[in-house]
Amino acid sequence: MNKKLKEKLNKYGSLKEPFFFVVSYDLGKYYINSLKNLPSTIKFKIDEDSEANIDEKIALKKHPILFSEYEKKFNILQEHIKAGNSYLLNLTAKTKVETKYTLDEIYEKAKSKYKLKFFDEFVCFSPEKFIEINKNKIFTHPMKGTIDSSIENAKDKILCDIKEMAEHTMVVDLLRNDLGIVANKIRVDEFRYIDKINAGDKELLQVSSKISGELKDNWNENLGDILCSLLPAGSITGTPKKKTVEILKNIEGYDRGFYTGIFGVYDGENFNSAVMIRFIEKDKNSDLYYKSGGGITCDSKVNLEYEELLDKVYLPF
């Protein structure tokens, strides 16, 4: 738990000061600033309509983790699942990519509900809402399950797939329990609905659910407590969360950094945020790395999970 982060969020919320924030996956790094003082080197869009129509085929050269290396990590996670240490683990990796576009150009061209360009460090074009608070109601929309829409009967296939159903159900159960820490009257308003996601040279179908709860009237004064109680997001960790985070830290072999953290805005009345997936980071040598991943369960097949990892490396133009 990052005490300073929690206190700062509570302060901005208590003052009803409109602000923007970014928090890393492990809560170790964060940025918070009032909207009126936000520098021009930070650009964002929140909850905007985005069409999934593909305007052009975008070349993105990928240098992914070797299948053999990924398979080794996958097999270790399967041993943890067999031992009962975890039931769902979101395994991620970094892929070196080459593109003619700058981070600014990627941000401007990308079509996504949630977009962020953070200084010259990274760009994110996420389809996944994290927490939304309107009046005294809190909502979360866990996203778990992806399929290429060009596959025959793609929608029916993913909704009827036993592995995908189990994986999604576990995430919904985890997020429902997480909301129960900070809110009352928790309910699943929609279970497993489909979103269309523009993935550059293809269109993906992603499965989400909607969960809600009720907060106290003074929720804005406790915004830091609420967020820190829910982080890291269950959809990009697994269940049980604490043990799964520990396993992934030992297996993934790299620092997620801001990837799979969250960003968002409080406008003085309402709050909205997104999980930072679909993420490209620039390192100190100006090389670009795309971070992506997917959920692993006992029913997962390594070749399909590796394929999903690569499918999520795209530019949504």
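See the structure shown above.
Structural notes, computed from the coordinates. Note that the coordinates shown come from a computational prediction; the quantities given were computed from them, not determined experimentally. (Residues numbered from 1 in each chain as written. Predicted model: local features only at pLDDT ≥ 70, side-chain atom pairs only at ≥ 80, totals over all residues. Heavy atoms only, no water.)

### Structural notes on the packing of aromatic side chains
Two measures describe an aromatic ring pair: the distance that separates the ring centres and the angle between the ring planes. Counted according to the given criterion, the structure contains 21 aromatic pairs. Their ring planes at 85° and their centres at 5.2 Å tell us that Y101 and F317 sit as a pair that is edge-to-face. Of this pair, Y101 sits in the loop between β5 (88–98) and α3 (103–109) while F317 sits in the segment after α8 (302–311); the two residues are 216 residues apart in sequence, bridging distant segments of the chain. As far as the burial class goes, Y101 and F317 line up, both buried. With a centroid separation of 6.3 Å and 50° between ring planes, the pair formed by F125 and Y314 is classed as tilted. Here F125 is found in strand β7 (residues 122–126), whereas its partner Y314 is found in the segment after α8, with 189 residues between them in sequence. Its relative accessible area of 2% is what places F125 among the buried residues. Connected via pairs of aromatic rings, a cluster forms that spans F20, Y31, F44, F118, F119, F122, F258, Y259, F263 and F279. A cation over an aromatic ring shows up here: K94 above the ring of Y289, its NZ or CZ 4.4 Å from the ring centre. Across from the ring centre of Y107, 4.6 Å away, lies the NZ or CZ of K115, which sits over that ring. (Phe/Tyr/Trp six-rings, centres within 6.5 Å; stacked < 30°, edge-to-face > 60°. Helix = DSSP H or I, 4+ residues; strand = E, 2+ residues; numbered from the N terminus. Buried < 20%, exposed > 50% of the residue type's maximum accessible area, 1.4 Å probe, protein only. Lys NZ or Arg CZ within 6 Å of the ring centre and 35° of its normal.)

### Quick look at the pairing of β7
Of all 5 residues that make up β7, 5 are buried, and the element is covered over most of its length. Here β7 shows a buried face lined by F122, C124 and S126 and a second buried face lined by V123 and F125. Examined bridge by bridge, strand β6 (residues 114–118) and β7 share 5 bridges and lie antiparallel to one another. From the neighbouring strand, K115 faces β7, where its bridge partner is F125. The loop that links β6 with its antiparallel partner β7 comprises 3 residues; one of these, F119, has a positive phi angle of about 45°. (Pairing = 2+ DSSP bridges.)

Don't take any of this as a statement about function, it's just geometry.
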